[in-house]
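Read off the chains here:
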Amino acid sequence: MTLSDHSRRTIIKGIGVASAAGAFRTAQAATAVPAEGEIWSNEYWAKKGDIPLWMFRKRVGAPKPGEPARPVVFFVHGSSVTSRAFDLTVPGKGEYSLLNTFARYGFDCWTMDHENYGKSGRTSGNADIASGVEDLKAAVEVIARETGQTKYHFVGESSGAPRAGAFAMAAPERIDRLVFAAFTYKGEGSPTLAKRAEQLAYYRSHNMRKRDRDMIRSIATRDKPGTSDPAVMEALADAEMQFGDQIPTGTYLDMTANLPVVHPEKVLAPVLLVRGEYDGIAAVPDLEEFFNKLPNGDRQFIILPGTAHSVALATNRELFWHVTRAFLTMPTPIVT
């Protein structure tokens, strides 16, 4: 089971898009227009000081001079997986690649491996949220050079959401719209984080932790077994274990001892909060408090039924596609 780089995939049809009255629709600098054809991909390298950071891009068709700009969406990975989670191939199980799906929706899709993950450089650091912000600062310079655009959508899942949120606080001029999936604000009411906090002394004293196949399988089973296909977790484990059985502790430390790392009053862009119904990390009251403090009136909070922590790889993943696509293609309101 491998990742798909250039494969022609079945076109995803019938995914509804939330729409508003025609009076609200105005021209945008970059509009997502659904596309058919071969998916083009390419690898890039960003540099954070001396640290090489691997980046990956997918879109329908290679870039051509003078073509209309496509909106850029950047997918930010979480604590225990690399960016392979956004481009997974699971034979016989349908489409699981977010990069393929959103490329066909008309987006220019990017992702990266953070420091100490995947193909990116290895250091003695613990790859915490603050480190992830610096990674994203380096990444957007590459995207600006390659696309000519300066503002991008960010979709972060699990600890990728606070990475994206902290980056939005640090570089608001780079943000178009934000999607936080499986996000946590203060961590209150989270049984998963309470259990994880039992290892706090280890996270404080070790920059790496063990991440084996059973741990990857547990992503789909710890909250509500049956919300993800076991074959998908096996495919994810196949993709991840090529990088070894060690993964950084930084985001675990942040999420058990240093929350909040994202302050809603400082997140100025439109925000979509997405929570799986059975998520053991993202407690509803915790997210409601965050949501109510966001300053931008363009915000949504959606709970996906029959879904747990991992919304991107859930059996009901098309629900996540739908709400994310709808939010990223919202018409610009005339009256604000």
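Just above, that's the structure.
Residues numbered from 1 in each chain as written. Predicted model: local features only at pLDDT ≥ 70, side-chain atom pairs only at ≥ 80, totals over all residues. Heavy atoms only, no water.

Draft legend 1. Representation of the overall build of the protein. Looking only at helices and strands, one finds 10 helices and 12 strands in the protein. For the protein, whose C-alpha radius of gyration is 19 Å, the value lies close to the compact-globule estimate of 20 Å for 336 residues. By residue count, 55% of the 336 residues in the protein fall in the buried class. Within the structure as shown, the protein displays about 13,400 Å² of accessible surface, and the carbon and sulfur contribution to it stands at 53%. (Helix = DSSP H or I, 4+ residues; strand = E, 2+ residues; numbered from the N terminus. Rg over C-alpha atoms; globule rule 2.2 N^0.38 Å. Buried < 20%, exposed > 50% of the residue type's maximum accessible area, 1.4 Å probe, protein only. Areas by Shrake-Rupley, 256 points an atom, 1.4 Å probe, with all protein chains shown as cover.)

Draft legend 2. Summary view of helix 9 (residues 284-293). Along helix 9, the positions that sit buried rather than exposed are D286, L287, F290 and F291. Down the axis of helix 9, the buried side of the element spans an arc of 130 degrees, and every buried residue falls inside it. Exposed side chains of helix 9 directed beyond 90 degrees from the buried face belong to P285 and N292. Those residues of helix 9 hidden inside the fold are in contact with strand 8 (175-181), strand 11 (271-276) and strand 12 (299-304). (Arc of directions from axis to C-beta. Contact = heavy atoms within 4.5 Å.)

Draft legend 3. Structural context of the pattern of salt bridges. Evaluated as defined, the whole model comprises 21 salt bridges. Note that D87 and K58 form a salt bridge whose closest N and O atoms lie 2.9 Å from each other. With D87 in strand 4 (residues 87-89) and K58 in strand 2 (residues 51-60), the pair connects residues that are 29 residues apart, well separated along the chain. E198 is the salt-bridge partner of K195, the closest N and O atoms lying 3.4 Å from each other. Residue class for K195 comes out exposed when judged on its relative accessible area of 54%. Members of the salt-bridge network, linked through shared partners, are R213, D214, R217, E234 and D238. (Salt bridge = Lys/Arg side-chain N within 4 Å of Asp/Glu carboxyl O.)

Draft legend 4. Quick peek at the pairing of strand 7 (residues 152-157). Among the 6 residues that make up strand 7, 6 are buried, leaving the element largely enclosed by the rest of the structure. Here strand 7 shows no split at all, with Y152, F154 and G156 on one side and H153, V155 and E157 on the other all buried. Note that strand 3 (residues 72-76) and strand 7 share 4 bridges and pair parallel. Bridging from a neighbouring strand, V76 pairs with G156 of strand 7. (Pairing = 2+ DSSP bridges.)

Draft legend 5. Quick peek at the nonpolar core. Ranked by internal contacts, the top residues of the largest apolar core, which has 47 residues, are M55, F74, F154, L178, F180 and F183. Top element by residues in this core is helix 2 (residues 129-147). It accounts for 9 residues. Setting aside its immediate chain neighbours within four residues, F74 contacts M55, W110, T111, M112, L136, A139, I143, H153, F154 and V155. (Core = buried A, V, L, I, M, F, W, Y, C linked by side-chain atoms within 4.5 Å.)

Draft legend 6. Spotlight on the environment of P295. With respect to the helices, strands and loops of the structure, P295 is situated in the loop between helix 9 and strand 12. The class of P295 is partly exposed, set by a relative accessible area of 46%. Between the alpha carbons of P295 and A269 there is a distance of 8.5 Å; along the sequence they are 26 residues apart. Apart from residues no more than four positions distant in its own chain, P295 is found in contact with P264, E265, V267 and L268.

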